[in-house]
Structure formats: C-alpha cells, structure tokens
Amino acid sequence: MPQRGAPERLDAFMARANAAYYAGRDPFADFVTAPEISQIFGELLGAWCAVVGQGILAGCTGGAGLMLVEAGPGRGTLMVDMVRVLVRVAPHLFATLSVHLIETSPRLRAAQKAALSQSGVSVTWHDGLESVPRGPMILVANEFLDALPIRQFVGEETEWRERFVQDGVFALSDRVEPSELAGRVAEPGEVVEICPVACAFVREVAARLCAEPGVALFIDYGTAVTASGETLQALRDGRPVSPLVEAGTADLTAHVDFEAIAHVAMDAGALCFGPVEQGELLVTLGAVERARALCAAVPDQANTVRTALDRLIAPERMGRLFKALAVMSPAGIAPGLVAPPGFPDGVPYGQKETR
Ligand code: SAH
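Conventions adopted
Throughout, a residue's number is its position along its own chain's written sequence, starting from 1. Selection of residues for local features in this predicted model requires a pLDDT of at least 70, selection of side-chain atom pairs for listing and counting requires 80 or more, and totals for whole chains, interfaces and linings are taken over all residues. Water and hydrogen atoms play no part in the side-chain values, which are based on all heavy atoms of the structure. Summary of the burial criterion: residues with accessible area below 20% of their type's maximum are buried, those above 50% are exposed, and those between are partly exposed, where the area comes from a 1.4 Å probe applied to protein chains only. Secondary structure elements are defined from DSSP: runs of H or I of at least 4 residues count as helices, runs of E of at least 2 residues count as strands, and each element is numbered from the N terminus. When DSSP finds two or more bridges between a pair of strands, those strands are recorded as paired. The convention used is that axes are lines fitted to C-alpha atoms, helices contributing only their stretch in contact, and that angles between N-to-C directions extend from 0 to 180 degrees.

**Re the pairing of strand E7 (residues 159–166)**
Side-chain direction in a regular strand flips from residue to residue, so the side chains alternate between the two faces of the sheet. Of all eight residues in E7, six are buried, a share of seventy percent or more. In this sheet, E7 lies alongside strand E1 (residues 8–9) in antiparallel orientation, the contact comprising two bridges. Each residue of the ladder has a partner; that of arginine 9, found in E7, is phenylalanine 164. Inspection of the sheet shows strand E6 (residues 151–156) paired to E7 by four bridges, in the antiparallel sense. In the sheet register, valine 154 faces E7, and the bridge partner there is arginine 161. Hairpin connection of E6 to E7: two residues between the antiparallel strands, including glutamate 157 at a positive phi of 55°. As consecutive antiparallel partners, E7 and strand E8 (residues 169–176) are separated by two residues, and within that stretch aspartate 167 has a phi angle of approximately 50°, a positive value.

Spelled out as structure tokens, the structure:
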C-alpha cells in the first residue's frame, strides 16, 4: 500500500492554496472583478466615499485626516478610480487623505504601487488591519472576504464531520461539535460552511469603528441570509475546476454569509446597513446616468459601456448575487454620520423588525 499523506483541514488547505495563488499567478487571467469590468464601479464608490467621508469628518475635532483603507486591492484599479473622483468632487477631503492597502501578495503590491504612482496620494501597505494607524477611516473591501479560508462540516446521520484534504481528495474527520454550529443537529448529507477568518476581520473592523469614526463597505458574492450548501469553487483560466487541484494553481472562493458577518459587526457594537444587492446599490448611486454620460462622451465605446453596465447590475449577471453591507460607527462615536448613500431604507440591520 502506498503511504497516505497527512490530512489537512480544508481552511488550512485553502489558506495555503490562495497564498500561493495570489503570490504566483496573475489572478485576473482567471477571473474578472467589478472594478476591472468598468470604471463606473470605482467612480460611484469614489463619490460614495466623498459623501461618507464628509459625514465622518463633520463630527471630528482637531483636524484629523481621513484614511481610505482597502482590503485585498487586487490590481489597484478600484482605488485609482475612487481617488480620481475624490480629488475632483471633494478636494478639501482629498487634501487630508492617506491611502492604506491591506495586501499580502508581493506581486499584487507591486501592481498596486504602479497603478497608484500618479494618483497624488500617500500609500502605505499592511499585512493586516492591526498596523493601519488609528483614526477616522473609510474601509472598502471588494471580493476580499470570499477569498478567505472556510471550514466545511458535513452531516452524517445527525452528527457533524469536518472536511479535510488528503492526497487530493476530501476526507472526513471523526465526529465534531463545533461551537459555531451551536448544538445544531445535522441533516444527513447537509454541508455547512463557516469562515472564521472573515468573521474575525469584520469583528476587528467593527471594534475599530466603535472607537474611531468611520464606515466600512463590504461587497462580495454571497447570501443575505445564512444558508446551508456547498459553495466552495475554484477558477482557472476563467473556467471552474476542482477546488482540490494542486494548491496555488486556481483561485478558491466561497460565498460570503452576510447575515453572519452583520451579526458579528453588531455584536461588536457597530451599526449595519444592508445587505443590498449590488445592482440596487449601483443604480441608486447613479450607474445608469454615469453610463449614459460615458456613452455620450465616447460614442464609439457606447456598446462596451452598456455591456459592462449590464454585467454589473443585471440580476442574472452580478446584480443580484453580489451584495453590499455597510458597517458604521455608532452615533456616540460619529455624530455627523447618517445612513450611507445607496442603503435606501436607512434603517440599520437588525432594527427592521421593530419598526
Ligand atoms: N478587490 C480586488 C481584488 C479581489 S481578489 C478587485 O475587486 O479586483 C482578492 C484580493 O485579496 C487580492 O488582492 C489578494 O491578494 C487579496 N488577499 C487574499 N487573501 C488575503 C489575505 N489573507 N490578506 C490580505 N489580502 C488578501
């Protein structure tokens, strides 16, 4: 019998695979993200930052500057588009701005540096949120949480087993009772995913927002309400492949559980708005008008602009599957802040039922 390799828990495998993947490959050969589809995405979020930033600084004394923090900035395209709008629509805010990028891949850091070299802002890179200075901030994360490592539990009879990876195939642990599933009885064959790293990141962001004024915007694909089912997927050259392919050769992601992260943020004391669907957010922020202006300005690009807009907002494309959640400082910390633009009912998450 050939000797079997040691089993590796799925989250450890996914963390290792994605670290190798982002360090070694050009991810954008394998998938396309919203800011890469159209400049409209980043421009609207830039205008969003201008409004939110003014609210944040309105309540601050002592002339503190604003930090614009991005987690997982990829090629830097979103930041470039946001900053281009900020300098135009809110020059006084731009004058106080410092940009902080949370990125672990040296290769992508270099791409971000090149992209932002002409932007006129000071940029600092960080491995995590801990080293980002304290102070008023806007944090943006697009398709960041979906890349963080997940754990999967599988129902066998009424008990849970955890998925490991061994010799390129899934293996199951003995019976486990994870505290995250809090006594939940398994259905045979049911698969439940949790993402403790995403929850820890959101908890850390929310804790900051309870001490310093600010707003965080998380945009990702996922569900508004916690659901069971397996969503782990791998893409290589734009096509789905097995998630267990050789570590580092494909991009591994899973749906974000927006209900779970909203609860984490609220438990830490922050306010949450949304989740709203990406299509709804972008249309409320003026995506259709912006596309029309671009078409008028560059008529020979009109079809490209329309196709890109459709991809971002149409319900059957990214419009419905992708969602946005805003996490905000409580009133005692940021008295000048109101519900962020694009979150139309203006009612913080969790207070909906009581109104
Ligand atoms: N936001 C970008 C890129 C999304 S891809 C866009 O919309 O185009 C995911 C990004 O998160 C990459 O920049 C990747 O290097 C980064 N990333 C993944 N895991 C990370 C981690 N644990 N810590 C910091 N950055 C991470």
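The rest of the description comes next.
**Here we look at the sheet that holds strand E13 (residues 251–253)**
Strand order across the open sheet formed by three strands is E12-E11-E13, with antiparallel pairing between neighbours. The sheet is open, and its two borders are formed by strand E12 (239–241) and E13, each paired with just one other strand. The sheet shows a mean angle of 40° between the axes of neighbouring strands, direction not considered. Examined bridge by bridge, strand E11 (residues 233–236) and E12 share three bridges and lie antiparallel to one another. Its bridge partner lying in E12, arginine 236 is registered against arginine 239.

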